[in-house]
Every structure is written in C-alpha cells, then in structure tokens.
Amino acid sequence: MSTESIAWPSTAAGSRSFVETLHEWVTTVDHKRLGILYIIYALVFLVIGGIEATVIRIQLIRPHNDFVSPQVFNRLFTMHGTTMIFFVVMPVLFGFANYLIPLMIGARDMAFPRLNAFSFWMTAFGGLFLYFSVVGANGLYGAGNAPDVGWFAYAPLTSQTFSLGHSTDFWTLALLVSGFGSIGTAINIVATVLCMRCPGMTLAKMPLFAWLNLVMAGLVILAVSPLTAAQIMLLVDRYLGGHFFDTQAGGSAVIWMHFFWIFGHPEVYVLVLPAFAFASEIIPVFSRKPIFGYPVMVGATVAIGFISMSVWAHHMFTVGMGAAANTFFVISTMAIAVPTGIKIFNWLATMWGGKIEFKTPMLFCIAFLFQFLIAGLTGVMLGAAPFDWQLGNSYFVVAHFHYVIVGGIMFTLFGAFYYWFPKMSGKMYSETLGKLHFWLFVIGFHLTFDFMHIPGILGMPRRIYTYEPGRGWDTWNLIVTIGVFFQAAGILVFLGNLIWSYFRGELADNDPWDAWTLEWSAHSPPPAYNFALIPTVKSRRPLWDLKHPDDPDWKYE
Amino acid sequence: MSTTTIPPVTAELEWNLPSRGQVAMYSLITAEAAIFTIFVVAYLFYMGKSLSGPMPSEVLTPPILYAVCLLSSSLTIHFAGKNLRDGNVRRFGAWWLLTIALGAIFLYGTASEWHRLIYKDGLTITTNLFGTTYYSLVGLHGFHVVMGLLGLTTVMVFTIFGMVQREHAERIDVLSLYWHFVDAVWVVVFTVVYVIGR
Ligand code: HEM
Ligand SMILES: [Cu+2]
C-alpha cells in the first residue's frame, strides 16, 4: 500500500509503562481505539449476559426445578434482555461502525472525535450503572436488588407501589444515560458519512456498509429519543409523583407500551441493519463478485428504515386495540417483509455463479441467510393478528426473536469479527478454531432455537419460573437447554481464538482477502492517521480499480 | 505493504461536502423533536382525562407577551448572525445580548406562571394528569431554553473578551439553529397547551 507513512511519535510501544498505556486508552479520541473499546466492552457484557442466559436455561431444564429462586429468575431474564440489547449488540455494532466507517470512506477520523469519546463513556457508564444495582439498589426497603420488571418494563409493574426500592430506577437511568451515548454516536455517524467522504466518493459510490450504518444512525435518532422521553416520564412518575402511567389517577398503562414499542420495533432494525452491512461486505468478497443490485439494496434499506417506524403495535395485538389498528399494523408488518426479502434475494444473487470461498466469515454469513429467512417467516406469522392472539407471549415469540438476534445478527457479527480481525489486530485468526466455533454454534443454535418453537406452540408462556410435568413440554425444554452448552462452548472457542491469535497469530497482510474497499489499503492495523494521503475514488470498488487498471469498475458503473 | 497504492487527490475533481456542524445540529434537532413529539402526544392523549381539578380552562391564560418575546428573539439572533458575517462584531454583540435578554424575560414569564399556579391555584405535578403533563411539557421546553441561554451566554462572554470574530460566523450559525428550534417548539407547545388544551 501507500508506502509513504508519516513518522508518528508513539511507535515505540514497548517502552511505555502500563499507566501511560492506560491513560492513552482512557483519554483517546481516535475512532479506531474507541471502536475497539466499544467492542471489548460489549464482549465483557456478552459473557455476563451469556451466563445469565445459561442460568435461566438450567432452571428450565426440567419441571419443578429450583436451581434459582423465582425472584432471582425474574431478575435474570430482565438483566439478560437489557444487557444483550443495550450493552452487547448496540455497543458492538457502534464499535464496528466507529472503526470501519472512516476507513471505508477514506477519512482520518469521525466527524466529532470528542463527541465520540463522550458517547462511548456514557454507554460504558450506563452498563456499569445497571450492574451496580446488584449492590446499590437494595436501599432501605430490603426489596430486592437487580431490576426485575422485564426488558420492556410494562406499567404498572414499574410504579412505586409494585417496585419498591431502587431497582427500577437503576434500570431507567442506565437506559437513559446509555441512550444519550447512542444518540451522540448516531449523530456522529450521520455527520461522518455525509461530510467526511474522500474525493470522488459520491453517495452512490459508498460501500453498502456506510449506507446501512447511515440509515441505522437515522433510526437511532428517531427511535431512541422516544425511549428517552418515556424514561423521563417514568422518572417523573417515580420521583415527582406524576401520573403518566398511574392508572389510579387516570393514567394509562397502554401508552407506556406504545411509547416503548415506538422505540422497540425500530430498535430491532437498528440492530439488524449493521448485520446486513456486514453481510453486504463479506458475501461479495468471498463470492468474488460485486454485490448484486447495489441501488436496489440502498432503496430497500431506506424503505426498511421508513416502514420500521410504522409497525410497532404488532407487539400489542393481544392488548385489544380494536379492528382498525390491528388491521393497519398487520398490513404494515407484512409490508416490511418485502424489502427484507429483496435483500435476501440480492445476497443470493451475489453468490450465484460466484467462486465461493468457504472461509469462516463466509460460513457465518451463509448460515445467516438461512436462519434470517426462517426468522422472518415466523415474524410474518406473528404479524398476523389472529395467529398472534394464540401465540403472543409464548415461547414461540422467544424463539422468533432469538432466531433473528442470534441466528441473524450474532452470526453476521461473528463473521465480521473474523473478517476484520486481521485489519484490527494485524494478526490472522486460526481458521481451524474459527470453523470449530462455527460448527459448535450452528449445532447449539439449532438445538436451542429450532426446538424452542415447539413448547411455544404447545402453549408454554414466556417468563415462567417453572412448569408442571406432563404437558408435553419436558423433552423440548431439555433439548433447548442442551443446545445452550454447545453455544457456550462455541463462545469460549471464539474468545480463545481472538486472544490466542492476538498474541500468537501469524502476521496479517494489509489485504488478506483480496478485497475491494478502502480499509484494506491501509496498514494492518492502521496508523492513527489512517491514510498518509487521502485517497480519491472513482467507483464502488476502489481497490479493484487499482488492482485491475486494464478493466476498472468505473467504466461500467 | 505491497499490493496496492491509492493515487493522491487529482486537482480537477471538484469536491464539496455539507458542513458537519450543520448536519450534526439538524440531527440533534431531529432527535429533540422526537422527544418533544412523545411529550406532546402524551399531553394530547391525557387532555380532559384528569380525575380532579383544577382544569386548564380554570387556571391557564395564554402568556402572549412572553411568547412574543421568545419568538422575536429568533429575529434578533438572525440579525446578530448577519452582522457577524459582515464583520461588524460590536453590532453582533448588541443583538446577541438582546437575544439573551428576550430569552431571560421568557423564562421569567414561565417562572411567574408556575409560581401563580402552585401557590394560588394549587396545581402541582402530583395534583392531577393535567399537572403532570403540563409541568413536564412546559418544563421540558423551559429546560431547552435554559440550555440555549447557557450556550448564548458562553458566546457572549467570548464576545466581550474579543474572541469572537467574523471567521466564527459559521459556528455561531449552528448555535442559532438550535435557538430557532427552541422557538419553533414553543409555537407547538403554545398551540397545544394554551389553544387546543384549554
Ligand atoms: C429484523 C430483525 C428482527 C428482530 C431483531 C426482531 C426482534 C423481535 C423481538 C426482540 C421481539 C420480541 C419483543 C418482546 O416481546 O420481548 C419480536 C417480536 C415480534 N416480531 Fe420480530 N424481529 C425481527 C424481524 C421481524 C419481522 C421481519 C417480522 C414480521 C414481518 C417480525 C414480527 C414480529 C412480531 C409480530 C412480534 C410480536 C410477537 C408478540 O409479541 O406476540 N419481526 N421481534
Ligand atoms: Cu417488532
């Protein structure tokens, strides 16, 4: 690559003391370091949330089990859901966006580096605050510690009457604070993508990764703000004696549901759009073909962004909203499956006729395609109101959304970890361990979440502490729990691979995958200034143009 | 470090991108607008649902004078920015100070209205749904006025010490954008609380 590199003061790494290094990381405003901080932070919480999930499943492994108490069980599923959504998937996606967007658009940093650092530390503080409840929330009331109101915290469970002590306050404040961080990062991403592109990179020539993250950031701005507003109202109720969600004084519990899901549904697209972004980068490179239907992909993304804001009440069919509202939300929910389906066809068409290389990142993306399809289909099933009246609030719903979040989002995320690990660390990961991780995880995932649909259809409600034997649920629950151990083993292999490769891995080339986007032209790992000279691009695949001057892309685009 | 090289910028290419300050401020305004939307929806939803008095029609009078103050501060801040772009720093300072004064008068208006409501009419945030929604919505807006005033005052201090010059006009415009937003929100809040809600 650009052999010109700039002399940089801090290349003599070994000579710095631990405190100096720590100080550098804590005060950093470099998008790459903040990206890595986000990612490591999320991995720590992934382990915590994973342990919670494992304990939940051990409790449900057989009927009449009492591995944990009912109170602890409630706290576990609340903390698991809150942790995984807000302190694992969101930060890890922000981490990748932070790290990769400037590199992909040929910039030296995000638009607002200090805002970036501020946002990270807000998020980090939010997560620590949530877990501080374990020791801090007991208060004088002796009324439990960690929050136990469920990740969507329906009223009136959250009122002072039903939630003594401070556990709910910790939940609210943690989300409020990390929400400020998310909004800050989202604003930063929008400004970066719109204002920091290198010369020649028009919107139509941006990598899809940048497009998808732009729409994701837009959704964060529009979706997290309502949650912030709702949390402020909840605080007004709890601390100032307001009546927003206080049914005794004429307030409404249902309006909390609306406010929560106005956030909650766009949020699931906030989580999945970056997953689409990973797939849209990885699949073409390992199929050795440019992405199929770039403009359609962009259009579908924007369409998803808009439609996703009009479907929220499909989470509320069982509330009894009336025929008109139900019909509206059924139709809009069905509509969102269309652009999503278009995307799946585009990825398949990209692979079609390609020279597919089954490297670990690609394996994860292929599994994602299948699993995301099935998850979308169960989503469409639940989107039909009469079907939802039967299966709402059952394990079928739990199976649906874990199919999307684990089978879709986590799988592409693992793919992204392996794909960009060489760039971020300068080392190659172990392909053998990567494949082991993949197979353990595929097996575990399908054992757990395929079979979880069945007790749901047989009527097992979600969030129950235990169940009676002889309802036909026993065997399924056993299988589901067994799958968890395969997944946990997979995660351990994954973490082991990252750590081992970081210290012992082979040195990575700048461009190990023979890829086409700008980040692969920078050094591995990139220097603080990213590019010695700001690049100019003429097509969507600038590195292809460079490697094939005889047949560049810009002749055709 | 072998495979590829990126050619440096070629001079022919004309390359203009939007200002990141403006883009970020518009994004922030969008986020804030979403927050206000939720509060406005709650206000409208709970209109007339209070189980006990006092009711809005009994205690609220539209604070027209103060609204005029706040809205005209949008004009004064506009003139301030114009003068700065023309390099007229003293005039800029004068208009800017006037903007702050108008904002402060507005806040005084809110404070006296709240004082009257609390001590004379006995309406607090816990009294009924009207109290809860009214104080939250108006208070949220008032909070934004305070934040805006803090920003404006910071600039004023810098101006007094001669640190604001023509080249800062673009940044000042970004801050003005926020102030315009705060004013625009008041139009909505005023309509909802004092026109529809009464
Ligand atoms: C894009 C990725 C998706 C993610 C991350 C996702 C996530 C979720 C989550 C977290 C929930 C459960 C919330 C809860 O009750 O705790 C849920 C429920 C639901 N999802 Fe999805 N989902 C996705 C796609 C879809 C699609 C494509 C559809 C339909 C076209 C859909 C339809 C539904 C419906 C109707 C429910 C409500 C079920 C009920 O509560 O009775 N989802 N989803
Ligand atoms: Cu949804």
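The rules behind each value
Residues numbered from 1 in each chain as written. Chains lettered and ligands numbered in written order. Predicted model: local features only at pLDDT ≥ 70, side-chain atom pairs only at ≥ 80, totals over all residues. Heavy atoms only, no water. Helix = DSSP H or I, 4+ residues; strand = E, 2+ residues; numbered from the N terminus. Rg over C-alpha atoms; globule rule 2.2 N^0.38 Å. Donors = N, O, S within 2.8 Å, 3.2 Å for Na, K, Ca; no water. Salt bridge = Lys/Arg side-chain N within 4 Å of Asp/Glu carboxyl O. Near = heavy atom within 4 Å. Polar contact = N/O pair within 3.5 Å; in protein donor to acceptor, adjacent residues only side chain to side chain. Nonpolar A, V, L, I, M, F, W, Y, C, P; charged D, E, K, R; others polar. Buried < 20%, exposed > 50% of the residue type's maximum accessible area, 1.4 Å probe, protein only. Bend = angle between axes of the 7 residues up to and from the residue. Core = buried A, V, L, I, M, F, W, Y, C linked by side-chain atoms within 4.5 Å. Contact = heavy atoms within 4.5 Å. Buried area = accessible area lost by both parts, 1.4 Å probe. Expected span 1.5 Å × (residues − 1). pLDDT = per-residue confidence, 0-100. Axes fitted to C-alpha atoms, helices over the stretch in contact; angles between N-to-C directions. Parallel < 35°, antiparallel > 145°, perpendicular 65-115°, else oblique. Phe/Tyr/Trp six-rings, centres within 6.5 Å; stacked < 30°, edge-to-face > 60°. Patch = residues over 30% accessible without salt bridge, like charges linked within 9 Å, V, L, I, M, F, W, Y side chains within 5 Å. Areas by Shrake-Rupley, 256 points an atom, 1.4 Å probe, with all protein chains shown as cover. Left-handed = near helix turned anticlockwise from the far one by under 90°.

### Description of the overall build of chain B
Alright, step 1. Within chain B, the regular secondary structure consists of 6 helices and 0 strands.
Alright, step 2. For chain B, the sequential pattern of α-helices and β-strands runs α-α-α-α-α-α.
Alright, step 3. Rg of the C-alpha trace for chain B: 22 Å, well past the compact-globule value of 16 Å for 198 residues, more than 25% over.
Alright, step 4. Principal-axis analysis of the C-alpha atoms places the extent of chain B at approximately 75 × 50 × 25 Å.

### What about the coordination of the iron atom of ligand 1?
Residue and element names in this part refer to chain A.
Alright, step 1. No protein donor other than His 400 (NE2) coordinates the iron atom of ligand 1, and that contact is at 2.1 Å.
Alright, step 2. For the pair the iron atom of ligand 1 and the copper ion (ligand 2), the metal-to-metal distance amounts to 4.4 Å.
Alright, step 3. Checked against the element boundaries, His 400 lands in helix α12 (residues 395–425).

### Comments concerning the pattern of salt bridges
Pairing between side chains of opposite charge can happen when the charged atoms of each approach one another.
All names here are of chain A.
Alright, step 1. Throughout the structure, instances matching the rule amount to 12 salt bridges over all chains.
Alright, step 2. Linking Arg 33 and Glu 24 is a salt bridge whose minimum nitrogen-to-oxygen distance equals 3.1 Å.
Alright, step 3. Among the charged side chains, a network of salt bridges with common partners joins Arg 288, Asp 511, Asp 514 and Lys 547.

### Digging into the site of ligand 1
All names here are of chain A.
Alright, step 1. In the region of ligand 1, 22 residues are neighbours, and Trp 151, Asp 388, His 400, Val 404 and Arg 462 sit closest.
Alright, step 2. Taking Asp 388, its side chain carries an N or O atom lying 2.4 Å from an oxygen atom of ligand 1.
Alright, step 3. In the model, an oxygen atom of ligand 1 is placed 2.7 Å from a nitrogen or oxygen of the Arg 462 side chain.
Alright, step 4. Those elements that place two or more of their residues in the shell around ligand 1 are α7 (253–287), α10 (360–383) and α12.
Alright, step 5. For the shell around ligand 1, the residue count by class is 13 nonpolar, 7 polar and 2 charged.

### Observations regarding the coordination of the copper ion (ligand 2)
For a metal bound by four donors in tetrahedral geometry, the ideal donor-metal-donor angle is 109.5 degrees, whereas six donors in octahedral geometry ideally sit at 90 or 180 degrees.
Residue and element names in this part refer to chain A.
Alright, step 1. Binding of the copper ion (ligand 2) to the protein goes through His 265 (ND1), His 314 (NE2) and His 315 (NE2), at separations of 1.8 to 2.1 Å.
Alright, step 2. The sequence motif formed by the donor residues of the copper ion (ligand 2) is H-x48-H-H.
Alright, step 3. His 265 gets classed as buried once you look at its relative accessible area, which sits at 6%.

### Regarding α12(A)
All names here are of chain A.
Alright, step 1. Maximal helix bending in α12 amounts to about 40°, located at Tyr 419; proline Pro 422 follows within four positions.
Alright, step 2. Here α12 lies mainly inside the structure; 30 of its 31 residues are buried.
Alright, step 3. Looking at the residues trailing α12, positive phi occurs at Gly 426, about 80°.

### Thoughts on the nonpolar core
Alright, step 1. Counting 234 residues, the largest nonpolar core has Phe96(A), Trp256(A), Trp347(A), Trp420(A), Trp96(B) and Tyr134(B) as its most contacted members.
Alright, step 2. Among the elements that make up this core, the one with the highest residue count is α7(A) (22 residues).
Alright, step 3. Among residues more than four places away in sequence, those in contact with Trp256(A) are Phe152(A), Ala153(A), Tyr154(A), Ala155(A), Trp171(A), Ala230(A), Gln231(A), Leu234(A) and Phe245(A).

### Some details on the interface of chain B and chain A
Alright, step 1. Every contact between the two is made by 41 residues of chain B and, on the other side, 52 residues of chain A.
Alright, step 2. A combined buried area of about 3900 Å² lies between chain B and chain A, and 75% of that area is made up of carbon and sulfur atoms.
Alright, step 3. Applying the counting criterion to the chain B and chain A interface returns 0 salt bridges.
Alright, step 4. Applying the counting criterion to the chain B and chain A interface returns 8 residue pairs in polar contact (both at pLDDT 80 or more).

### Description of unusual backbone geometry
Alright, step 1. Here Ser524(A) and Pro525(A) are connected by a cis peptide whose omega angle stands at -10°.
Alright, step 2. Relative to the elements of secondary structure, Pro525(A) occurs in the loop between α14 (474–504) and α15 (542–547).
Alright, step 3. With an omega of -10°, the peptide bond running from Gly53(B) to Pro54(B) counts as cis.
Alright, step 4. Looking at the secondary structure, you find Pro54(B) in the loop between α1 (20–45) and α2 (56–59).

### Observations concerning helix α3 (residues 70–104) of chain A
Every α-helix winds through 3.6 residues per turn, so residues three or four apart in the chain are directed the same way.
Alright, step 1. Helix length check: α3(A) (35 residues) gives 49 Å between terminal C-alpha atoms against 51 Å at 1.5 Å per residue, within 8%.
Alright, step 2. The element α3(A) is largely enclosed, with a buried count of 31 among its 35 residues.

### A look at the confidence of the model for chain B
The predicted structure's coordinates, where accompanied by low pLDDT, should not be read in detail.
Alright, step 1. Averaged over chain B, the pLDDT score is 93; the fraction of residues at 70 or greater is 93%.
Alright, step 2. Among the prediction metrics, the complex's ipTM stands at 0.93, with pTM recorded as 0.94.

### Quick notes on the packing of α10(A) against helix α13 (residues 431–457) of chain A
Residue and element names in this part refer to chain A.
Alright, step 1. Across the interface, α10 lies against α13 with an axial gap of 10 Å and an inter-helix angle of 10°. Between α10 and α13, the angle falls in the class roughly parallel. Residues Thr 360, Leu 363, Phe 364, Ala 367, Gln 371 and Thr 378 of α10 form the contact with α13, whose own contacting residues are Glu 431, Gly 434, Lys 435, His 437, Phe 438, Phe 445, His 446 and His 453.
Alright, step 2. Per-class residue counts for the contact of α10 with α13 are 5 nonpolar, 7 polar and 2 charged.

### Overview of the packing of aromatic side chains
Alright, step 1. Following the criterion strictly, the structure yields 75 aromatic pairs over all chains and no others.
Alright, step 2. Summarising the aromatic geometry, the rings of Tyr419(A) and Trp520(A) are spaced 5.2 Å apart at their centres and angled 75° between planes, so their arrangement reads as edge-to-face. Note that Tyr419(A) is positioned in helix α12 and Trp520(A) in the loop between α14 and α15, a separation of 101 residues in sequence. There is no split in this pair, since Tyr419(A) and Trp520(A) are both buried.
Alright, step 3. An angle of 40° between the planes, with centres 5.2 Å apart, marks the rings of Phe92(B) and Trp96(B) as tilted. Highlighted residues: Phe92(B) and Trp96(B), both in helix α4 (residues 89–119), separated by 4 residues, approximately one helical turn.
Alright, step 4. On the accessibility criterion, Phe92(B) (0% relative accessible area) is buried.

### Some details on a nonpolar patch on the surface
Residue and element names in this part refer to chain A.
Alright, step 1. A cluster of nonpolar side chains, namely Phe 18, Val 19, Leu 22, Val 26 and Trp 121, defines an oily patch on the protein surface of about 520 Å² accessible area.
Alright, step 2. Sort the elements by how many residues they give to the nonpolar patch and helix α1 (residues 18–26) lands first, with 4 residues.
Alright, step 3. Its place among the elements puts Trp 121 in helix α4 (residues 113–136).

### Thoughts on the packing of α7(A) against α12(A)
All names here are of chain A.
Alright, step 1. At their nearest, the axes of α7 and α12 sit 9 Å apart, and the two run at 50° to each other. In terms of axis orientation, α7 runs oblique to α12. At the point where α7 passes α12, the crossing takes the left-handed sense. Contacts between α7 and α12 pair Leu 271, Val 272, Ala 275, Phe 278, Ala 279, Glu 281, Ile 282, Val 285 and Phe 286 from the former with Ile 409, Thr 412, Leu 413, Gly 415, Ala 416, Tyr 419 and Trp 420 from the latter.
Alright, step 2. Classifying every residue of the contact of α7 with α12 by side-chain character gives 13 nonpolar, 2 polar and 1 charged.

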